[in-house]
Amino acid sequence: MSIKEELHQLVDLMNANPKAIESVHAVYRFNLGENGMYQVVFENGGATVSEEPADNADCTLTLSEKNFRKLLEDDLNTTMAFMTGSLKVDGKIGLALKLQEILKQYR
């Protein structure tokens, strides 16, 4: 499954059961280098995904496709990835931590 398909599937799951994202108002950008850039917007109790990041992101995560898949599967030690430089966070770090908690609700 492609990253795009995985993100759309995850967003569909979140929107079908929005309890964990009801209070989240944030724009996340995922920079996957040569594998593209994606943006997920949480607002009004829902989530949308785009391959055309247009809004200013509150939190940008830069990582490899492999590590992004691990993040989606809740199989990435984000602290270790951050400390070793394989995960870079720009913007509000607290939102990066919040994202990890949100993803755990949907795995």
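Residues numbered from 1 in each chain as written. Predicted model: local features only at pLDDT ≥ 70, side-chain atom pairs only at ≥ 80, totals over all residues. Heavy atoms only, no water.

**Q** Which residues make up the overall build of the protein chain, and what are the values?
**A** Each helix and strand counted, the protein chain has four helices and five strands in total. The helix and strand sequence of the protein chain, counted from the amino end, reads α-β-β-β-β-α-α-β-α. Taking 13 Å as the expected radius of gyration for a compact globule of 107 residues, we find that the protein chain reaches 13 Å, a close match to that expectation. Taking the principal axes of its C-alpha atoms as reference, the protein chain extends roughly 35 × 25 × 25 Å. In the protein chain, which comprises 107 residues, the proportion classed as buried is 39%. Counting only carbon and sulfur atoms, one obtains 47% of the accessible surface of the protein chain, whose full area is about 6100 Å². The centroid of the 11 positive side-chain charges in the protein chain is displaced by 5 Å from the centroid of its 16 negative side-chain charges. (Helix = DSSP H or I, 4+ residues; strand = E, 2+ residues; numbered from the N terminus. Rg over C-alpha atoms; globule rule 2.2 N^0.38 Å. Buried < 20%, exposed > 50% of the residue type's maximum accessible area, 1.4 Å probe, protein only. Areas by Shrake-Rupley, 256 points an atom, 1.4 Å probe, with all protein chains shown as cover. Lys, Arg positive; Asp, Glu negative; His and termini not counted. Charge placed at Lys NZ, Arg CZ, Asp CG, Glu CD.)

**Q** Which residues make up the nonpolar core, and what values do they have?
**A** Of all hydrophobic cores here, the largest spans 32 residues; its most connected members are Leu 7, Met 14, Tyr 28, Phe 30, Phe 42, Leu 61 and Phe 68. Beyond its immediate sequence surroundings of up to four residues, Tyr 28 is in contact with Tyr 38, Gln 39, Val 40, Phe 42, Cys 59, Leu 61, Leu 95, Ala 96, Lys 98 and Leu 99. (Core = buried A, V, L, I, M, F, W, Y, C linked by side-chain atoms within 4.5 Å. Contact = heavy atoms within 4.5 Å.)

**Q** Which residues make up the packing of aromatic side chains, and what values go with them?
**A** Under the criterion given, the structure shown has three aromatic pairs. With centroids separated by 5.0 Å and ring planes inclined at 55°, the aromatic side chains of Phe 30 and Phe 68 adopt a geometry described as tilted. Of this pair, Phe 30 sits in strand S1 (residues 26-31) while Phe 68 sits in helix H2 (residues 65-72); the two residues are 38 residues apart in sequence, bridging distant segments of the chain. (Phe/Tyr/Trp six-rings, centres within 6.5 Å; stacked < 30°, edge-to-face > 60°.)

**Q** Hey, could you go over the environment of Glu 65 for me, with residue numbers and the actual values?
**A** Here Glu 65 lies in helix H2. Among residues more than four places away in sequence, those in contact with Glu 65 are Ile 3 and Asn 35. A polar contact of 3.3 Å, which involves the side chain of Glu 65, links it to the side chain of Asn 35. (Polar contact = N/O pair within 3.5 Å; in protein donor to acceptor, adjacent residues only side chain to side chain.)

**Q** Report on the packing of helix H1 (residues 3-16) against H2, specifying residues and quantitative values.
**A** Packing of H1 against H2 leaves a shortest axis separation of 12 Å and a crossing angle of 20°. It follows that H1 is roughly parallel to H2 by the angle criterion. In terms of crossing hand, the pair formed by H1 and H2 is left-handed. Facing Ile 3, Glu 6, Leu 7 and Leu 10 of H1, the residues of H2 in contact are Glu 65, Phe 68, Arg 69 and Leu 72. The residue inventory of the contact of H1 with H2, partitioned by class, reads five nonpolar, no polar and three charged. (Axes fitted to C-alpha atoms, helices over the stretch in contact; angles between N-to-C directions. Parallel < 35°, antiparallel > 145°, perpendicular 65-115°, else oblique. Left-handed = near helix turned anticlockwise from the far one by under 90°. Nonpolar A, V, L, I, M, F, W, Y, C, P; charged D, E, K, R; others polar.)

**Q** Tell me about the side chain of Glu 6, and name the residues and values.
**A** Inspection of the secondary structure puts Glu 6 in helix H1. Apart from residues lying up to four places away in sequence, Glu 6 is in contact with Met 1, Arg 69 and Leu 72.

Nothing here speaks to function; it is geometry throughout.
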